[in-house]
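Per-entry structural report
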Number of protein chains: 2
Amino acid sequence: QSILESSLKKWKEEGKRGIWIYLPTHMSHLVPICCSNGFDFHFAKKGSVVLKQWLPETLSRLPHGPTHQVGVGCMVTKGNGEMLVVQELTGPAARYKLWKMPTGLLDPGENINDAAVRELKEETGLDAKLYKILTFRQAHSGGDRGSDLFFVCWMKLIDENQEWTKQEEEIADIRWMPIEEFTQQELWQKSPVYQEMNDAMIRAIETDQGGMSEETHELGFRPGSNTIYIPSKM
Amino acid sequence: QSILESSLKKWKEEGKRGIWIYLPTHMSHLVPICCSNGFDFHFAKKGSVVLKQWLPETLSRLPHGPTHQVGVGCMVTKGNGEMLVVQELTGPAARYKLWKMPTGLLDPGENINDAAVRELKEETGLDAKLYKILTFRQAHSGGDRGSDLFFVCWMKLIDENQEWTKQEEEIADIRWMPIEEFTQQELWQKSPVYQEMNDAMIRAIETDQGGMSEETHELGFRPGSNTIYIPSKM
């Protein structure tokens with residue numbers, strides 16, 4: 001308590017502006033001491049919390065922490081116009097007996113394309129590569145769930161003759177379905193937002209135009225690389 | 001302490017699986033009590049923290065919280081092939097005297113297109129509308145900053161004859177620049193990832209192909225709407 005108070009006094013005298021304190025879960029007894037000395041929460045995840053305080057008498061210019069979770073949907077097609085669909089064992093889609101594309105959330109630090117490959121493999125056992133990102137959706141759940149970006153990933157199987165293996169804990173059933181049968185399911189027909197996304201998927205399959213391809217390149221001016229998604233070069 | 005212990009016992013007997021506790025900052029004295037009873041951090045933002053615990057003896061199936069912050073860059077063009085660029089007062093780009101597009105982070109709950117319109121207005125005073133999202137980048141800073149999605153938004157001015165007004169706190173200078181002069185700056189030339197993004201921008205301007213348009217539609221099966229980004233219909 002007194003150490004924090006004297007540090008804050010010193011930091012203010014030195015003209016410091018934003019102060020961040022990182023605490024692992026086993027030091028959570030220090031959280032109330034920080035908060036009673038003017039700190040507020042910034043960000044937390046399993047294993048740690050970060051608190052922050054803006055010292056000047058001006059409006060805080062500290063950025064907020066992560067606001068979005070990111071999800072992927074795997075649109076896997078075969079040359080005959082069929083699409084891979086699954087029924088889930090639990091959750092809202094299961095209640096509707098909805099046939100949907102395999103979906104999942106990015107793990108922390110994971111790329112969109114890697115997550116799509118991983119989720120498809122986990123749910124169906126199938127090996128595929130990202131061909132193009134076709135469309136995406138932004139939703140705001142509000143409260144502490146934050147916002148959501150969902151990317152529709154058009155995937156191509158490494159080998160069209162692979163057999164699937166169902167993930168027993170999550171997946172009730174798997175099949176190939178003509179894409180029109182998929183989009184004509186009652187729940188989608190009731191939903192303007194999903195109808196538009198489904199139409200964009202059909203247009204992409206019919207024309208092979210639109211969508212964004214993945215490329216990974218070096219940053220150049222410092223070490224490291226970034227994955228970018230850019231419209232396919234004509 | 002004893003209330004929490006007996007509640008946990010009851011929840012386990014009832015077969016509850018995931019437990020979430022939401023605490024506003026002024027109740028931060030309860031954080032250590034939760035952590036010493038098996039809770040861990042899930043998510044936090046200014047004003048509150050959320051803790052979680054998975055009760056069964058199995059692997060936790062609780063989703064992680066938000067992992068990404070989302071940024072926008074505003075590519076504003078004029079009919080003569082010029083692009084709006086700014087120099088910042090502080091930060092890495094200022095050290096390089098880099099001319100860049102206006103950029104900024106989404107506020108919590110904000111749409112990509114709204115953030116692009118707001119950031120451009122804040123930094124330059126100019127009113128514009130989103131035309132298309134042209135390309136995007138995913139970066140992983142690691143640690144507690146999480147990951148980053150950055151969307152390049154092609155914007156069109158509401159009125160091409162508007163005058164800009166510089167945001168005094170952040171912007172050192174504003175000008176119109178031929179897009180080739182923008183992309184030929186030394187820092188971009190050193191960076192394969194930015195070269196590819198810049199090339200995609202030039203290709204989009206030259207051909208007006210590619211990119212994703214914004215549409216907002218009703219969800220239909222429950223109240224609310226989502227914003228989606230889909231390839232422009234030909």
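Residues numbered from 1 in each chain as written. Chains lettered and ligands numbered in written order. Predicted model: local features only at pLDDT ≥ 70, side-chain atom pairs only at ≥ 80, totals over all residues. Heavy atoms only, no water.

1. A look at the overall build of chain A
For clarity, the cut-off: Under the scheme used here, helices are H or I runs from DSSP no shorter than 4 residues and strands are E runs no shorter than 2 residues, and both carry numbers assigned from the N terminus. Here's how the labels work: a residue is buried when its accessible area is under 20% of the maximum for its type, exposed when over 50%, partly exposed in between, all with a 1.4 Å probe on protein chains only. Contact criterion: two residues are considered in contact whenever any of their non-hydrogen atoms come within 4.5 Å of each other.
The helix and strand tally for chain A stands at seven helices and eleven strands. Considering only C-alpha atoms, chain A reaches an extent of 70 × 45 × 35 Å along its principal axes. Out of the 234 residues in chain A, the part that is buried amounts to 53%. If you take every contact in chain A between residues at least 6 apart in sequence, the share linking residues at least 24 apart comes to 60%.

2. A word on the pattern of salt bridges
Heads up, the rule is: Take a side-chain nitrogen of Lys or Arg and a carboxyl oxygen of Asp or Glu: if they are within 4 Å of each other, that pair is a salt bridge.
Across all of its chains, the model carries 22 salt bridges over all chains by this definition. Salt-bridge contacts for Arg118 of chain B lead to Glu119 of chain B; the nearest nitrogen and oxygen are separated by 3.1 Å. The exposure class of Glu119 of chain B is buried, given its relative accessible area of 8%. Of the charged contacts in the structure, one is a salt bridge between Asp127 of chain B and Lys121 of chain B, with a shortest N-O distance of 3.3 Å. On the basis of relative accessible area, Lys121 of chain B is assigned to the partly exposed category, the value being 39%. One continuous salt-bridge network, built from bridges that share partners, spans Asp107, Glu110, Arg118, Glu119 and Glu122 of chain A.

3. Some points on the packing of aromatic side chains
Put simply, the test is: Aromatic contacts are taken between Phe, Tyr and Trp rings whose centres are within 6.5 Å, Trp giving its six-membered ring; a plane angle under 30 degrees counts as stacked, one over 60 as edge-to-face, and the others as tilted.
Taken as a whole, this structure holds 15 aromatic pairs over all chains when the rule is applied. Measuring from ring centre to ring centre gives 6.0 Å for Phe136 of chain A and Phe136 of chain B, while their planes differ by 50°; the resulting arrangement is tilted. One end of the pair, Phe136 of chain A, is in strand β7 (residues 128–140); the other, Phe136 of chain B, is in strand β7 (residues 128–140), on a second chain. Taken as a pair, Phe136 of chain A and Phe136 of chain B share a single burial class, namely buried.

4. Some words on the pairing of strand β8 (residues 147–157) of chain B
All names here are of chain B. Rules: Being paired, for any two strands, means DSSP has found at least two bridges between them.
In terms of residue burial, β8 counts as a mostly covered element, since ten of its eleven residues are buried. Both strand β4 (residues 68–76) and β8 contribute to a ladder of nine bridges, which runs parallel. When the sheet's bridge partners are listed, Val76 is paired in β8 with Met155. Pairing of β7 with β8, which is carried by eleven bridges, proceeds in the antiparallel orientation. Looking across to β8, one finds that Gln138 is bridged to Leu149.

5. Brief notes about the side chain of Asp148 of chain B
Residue and element names in this part refer to chain B. Our working definition: A positive count includes Lys and Arg, and a negative count includes Asp and Glu. His and the chain ends are not counted in either.
Position of Asp148 relative to the elements: it lies in strand β8. Notably, Asp148 is buried but unbridged: the nearest opposite-charge side chain belongs to Arg137, and the N-O separation is 4.2 Å. Among all residues touching Asp148, those that are not within four sequence positions of it are His68, Gln69, Arg137, Gln138 and Ala139.

6. Examining unusual backbone geometry
All names here are of chain B. Here Lys97, not a glycine, exhibits a phi torsion of approximately 55°, which is positive. On the secondary structure map, Lys97 appears in the loop between α3 (92–95) and β6 (103–105). With a phi angle near 55°, Asp208 is a residue other than glycine that sits in the positive phi range. Position of Asp208 relative to the elements: it lies in the loop between α7 (192–207) and β10 (212–218).

7. Points about the relation of the copies chain B and chain A
Here is the rule: Least-squares superposition of the copies uses the C-alpha atoms of those residues scoring a pLDDT of at least 70 in each of them.
With an RMSD of 0.1 Å, the operation that places chain B on chain A is a rotation of 180° combined with a shift of 0.0 Å along the axis. Taken together, the rotation angle and the small translation identify this as a two-fold axis.

8. Side note on the sheet that holds strand β3 (residues 48–54) of chain B
All names here are of chain B. Where we set the bar: A fitted line through C-alpha atoms serves as each axis, taken over the contacting stretch for helices, and the angle formed by two N-to-C directions is quoted from 0 to 180°.
If you trace the three strands from one edge of the open sheet to the other, you get β1-β3-β2, paired in antiparallel fashion. The sheet is open, and its two borders are formed by β1 (18–24) and β2 (40–45), each paired with just one other strand. Shown here is a sheet whose adjacent strand axes are inclined to one another by a mean of 20°, direction ignored. Where β2 meets β3, five bridges bridge the pair, whose relative direction is antiparallel. Of the residues in β3, the one forming a bridge with Phe41 is Leu51.

9. A closer look at the domain arrangement of chain A
Where we set the bar: Residue ranges labeled as domains rest on an automatic or database domain assignment.
The domain boundaries assigned to chain A delineate domain 1 (2–54) and domain 2 (68–218). In this structure, domain 1 of chain A and domain 2 of chain A have C-alpha centres spaced 41 Å apart.

10. A word on the interface of chain B and chain A
The condition that has to hold: Here the buried area means the combined drop in accessible surface, using a 1.4 Å probe, for two parts upon being joined, counting both sides. For this analysis, a polar contact is any N or O atom pair within 3.5 Å, provided that within protein one partner can donate a hydrogen and the other can accept it, and provided that sequence-adjacent residues contribute only side-chain to side-chain pairs. Note on residue categories: nonpolar means Ala, Val, Leu, Ile, Met, Phe, Trp, Tyr, Cys or Pro, charged means Asp, Glu, Lys or Arg, and polar means any other residue, Gly included.
The partner chain A presents 80 residues to the 80 residues of chain B that form the contact. Across the chain B/chain A interface, buried area totals approximately 6,900 Å², and carbon plus sulfur atoms make up 62% of it. Where chain B meets chain A, there are 31 residue pairs in polar contact (both at pLDDT 80 or more). The residue makeup of the side of chain B that touches chain A, split by class, is 37 nonpolar, 27 polar and 16 charged.

11. Points about the side chain of Asn37 of chain A
Residues and elements named next belong to chain A. Position of Asn37 among the secondary structure elements: in the loop between α2 (31–36) and β2 (40–45). A polar contact of 2.9 Å, which involves the side chain of Asn37, links it to the backbone oxygen of Ile33. With residues up to four places along the chain from it excluded, the contact list for Asn37 reads Gln1, Leu4, Glu5, Leu8 and Gln53.

12. Examining the nonpolar core
What counts is decided by this rule: We define the nonpolar core as a collection of buried residues of types Ala, Val, Leu, Ile, Met, Phe, Trp, Tyr and Cys that are connected through side-chain atoms lying within 4.5 Å of one another.
Judged by nonpolar contacts, the single largest core of 52 residues is most densely connected at Ile112 and Phe151 of chain A together with Ile112 and Phe151 of chain B. With near-sequence residues (within four places) excluded, Phe151 of chain B lies in contact with Phe136, Leu149 and Phe151 of chain A together with Val70, Gly71, Val72, Gly73, Ile112, Ile133, Thr135 and Phe136 of chain B. The next biggest cluster of nonpolar side chains, apart from the first, holds 28 residues, and it includes Ala44 of chain A together with Leu23, Val31 and Leu51 of chain B.

13. Structural notes on the environment of Leu8 of chain B
All names here are of chain B. Structurally, the position occupied by Leu8 is in helix α1 (residues 2–13). The spatial distance from the C-alpha of Leu8 to the C-alpha of Leu55 is 8.4 Å, given a sequence separation of 47 residues. Excluding residues that lie within four positions of it along the chain, Leu8 makes contacts with Asn37, Phe39, Gln53 and Leu55.

14. Description of the sheet that holds β2 of chain A
All names here are of chain A. Overall, antiparallel pairing links the three strands, which are arranged β1-β3-β2 in an open sheet. A strand with exactly one partner marks an edge of an open sheet, and here the two such strands are β1 (18–24) and β2. The mean inter-strand angle of the sheet, taken between neighbouring strand axes irrespective of direction, is 20°. Here β1 runs beside strand β3 (residues 48–54); their pairing, made up of seven bridges, is antiparallel.

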